[in-house]
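# Observations on chain architecture
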Amino acid sequence: MTYALHAERQRTAEPDWVDSYRASGLAVIPGVLPVACLDRIACDMHCAYARQLERLGLPAAAWSGRASLLQNMERLLQADVKAYLAATRHTARLASLQQLVVSDAVLSIASALGLQATSLPTSPVLHVMGDSLRIPGGYHGVATHQDWPVVQGSLDAVTMWFSLFDVTPHTYPLQLIPGSHRRGVWPSQITEHTSEVDPSTYVDADFITATVARGDLLVFTGFTVHRTAVKDCAGLRIAASMRYENTAEATFVERGYPCAYQRTVIREAPSSGFPSSAQVDRALGLAD
Ligand SMILES: O=C(O)CCC(=O)C(=O)O
């Protein structure tokens, strides 16, 4: 690096990974996520699976880290697929997860990438990958896609990928095509889980595999082509992905802030007679 460039960086305090992000469309930022926050999320997830197991009258492993979480997830999946899926959906709504994705450390990364008045088109999406957690006919990794076409917000939107544990080449890492963001929207077809990029437009050798140590954060542009690696992978991998948008991006302003994600609300009560006032009292700790 030339002295002039170094001096310029010092003046603007631009982190080193920003250049690599702009050039390749992705970067792994080391050690930015507090491990205590990742532990808290894993522990809160464990709580959801444990409570469901107890509801079904089944033993739940006490919290002792990653292995106990996996054990409870496996037990619940084997006992009741519906309960497992509901618990997994619920864990994406955990306050501990939501707190991390809007923490100062994370939002300062969005700022470093030029986002102004950063906005969030949707809440975190949780991706659970595990050879023992496969659901027949269900989600097992996301095929090759770009994020922008499924969000359609600011053109400089950033995706951040938060892994709860270390991700090696054999624990379902993400694979990404460096430089793919420079080709705009790739031809694709809408499928059940995404808008899948036409397989004739790339070969496997185009992808790099992003290994991520616990505490590292993977960031990439909305146009970076990526997919879940599944071949030769096993074990448990849990990651949340989150999109961040720039309220000041010119075409986003011009288009009047579109958002492909829509919120739906079920207004009907779950079943007649529920909850009784006694149940409410109990939940509020008011029962005698
Ligand atoms: O974590 C994964 O396996 C897929 C994540 C992903 O592709 C996304 O969030 O866009």
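### Some details on the overall build of the protein chain
When you go through the protein chain residue by residue, the secondary structure sums to 10 helices and 10 strands. Against the compact-globule benchmark of 19 Å for 288 residues, the protein chain has a radius of gyration of 21 Å, which places it among compact chains. Overall, the protein chain is about 70 × 40 × 40 Å in size when its C-alpha atoms are taken along their principal axes. Among the 288 residues that make up the protein chain, the fraction classed as buried is 33%. Across the protein chain, contacts joining residues at least 24 apart in sequence account for 83% of those joining residues at least 6 apart.

### Structural notes on the site of the ligand
Around the ligand, the surrounding shell consists of Val125, His127, Met129, Gly141, Val142, Asp147, Leu174, His226, Thr228, Ala239 and Ser241. Elements with a contribution of two residues or more to the shell around the ligand: strand 2 (125-130), strand 9 (226-228) and strand 10 (236-244). Among the elements that line the shell around the ligand, the one with the most residues is strand 2, at three residues. For the shell around the ligand, the per-class residue count stands at five nonpolar, five polar and one charged.

### Section: the pairing of strand 8 (residues 217-221)
Most of strand 8 sits out of view: five of its five residues are buried. Neither face of strand 8 is exposed, since Leu217, Val219 and Thr221 on one face and Leu218 and Phe220 on the opposite face are all buried. In the sheet, strand 1 (residues 26-29) pairs with strand 8 via four bridges, with the strands oriented antiparallel. Each bridged residue has a counterpart across the sheet, and for Ile29 the counterpart in strand 8 is Leu217. Bridging between strand 3 (residues 158-163) and strand 8 involves five bridges; their strand directions are antiparallel. Bridged to Val158 within strand 8 is Thr221.

### Details of the nonpolar core
As a rule of thumb, nonpolar side chains are buried together in soluble globular proteins. By size, the foremost hydrophobic cluster in this structure holds 60 residues, and its most contacted members are Ile41, Tyr49, Val158, Met160, Phe162, Leu218 and Val219. At eight residues, the largest contribution of residues to this core is made by helix 3 (residues 35-55). In this structure, Ile41 is in contact with Leu94, Ser96, Leu97, Leu100 and Leu164, ignoring residues within four places of it in sequence.

### Details of the sheet that holds strand 3
If you trace the five strands from one edge of the open sheet to the other, you get 1-8-3-10-2, paired in antiparallel fashion. The open sheet has two free edges, formed respectively by strand 1 and strand 2, since each of these has just one partner strand. Within the sheet, the average angular offset between the axes of one strand and its neighbour, ignoring direction, is 20°. Contacting strand 1 and strand 8, helix 2 (residues 17-24) crosses the sheet at an angle of about 155° to strand 1.

### Observations regarding the sheet that holds strand 4 (residues 174-176)
Strand order in the open sheet formed by three strands is 7-4-9, with antiparallel pairing between adjacent strands. A single partner strand is all that each edge strand has here, and the edge strands are strand 7 (208-210) and strand 9. This sheet shows a mean twist of 30° between the axes of neighbouring strands, independent of strand direction. In terms of strand pairing, strand 4 meets strand 7 through three bridges, oriented antiparallel. When the bridges of strand 7 are listed, Gln175 appears paired with Thr209.

Calculation criteria
- Residues numbered from 1 in each chain as written.
- Predicted model: local features only at pLDDT ≥ 70, side-chain atom pairs only at ≥ 80, totals over all residues.
- Helix = DSSP H or I, 4+ residues; strand = E, 2+ residues; numbered from the N terminus.
- Rg over C-alpha atoms; globule rule 2.2 N^0.38 Å.
- Buried ≥ 20, exposed ≤ 12 C-beta atoms within 10 Å, placed from the backbone.
- Contact = placed C-beta atoms within 7 Å.
- Near = placed C-beta within 6 Å.
- Nonpolar A, V, L, I, M, F, W, Y, C, P; charged D, E, K, R; others polar.
- Pairing = 2+ DSSP bridges.
- Core = buried A, V, L, I, M, F, W, Y, C linked by C-beta atoms within 7 Å.
- Axes fitted to C-alpha atoms, helices over the stretch in contact; angles between N-to-C directions.

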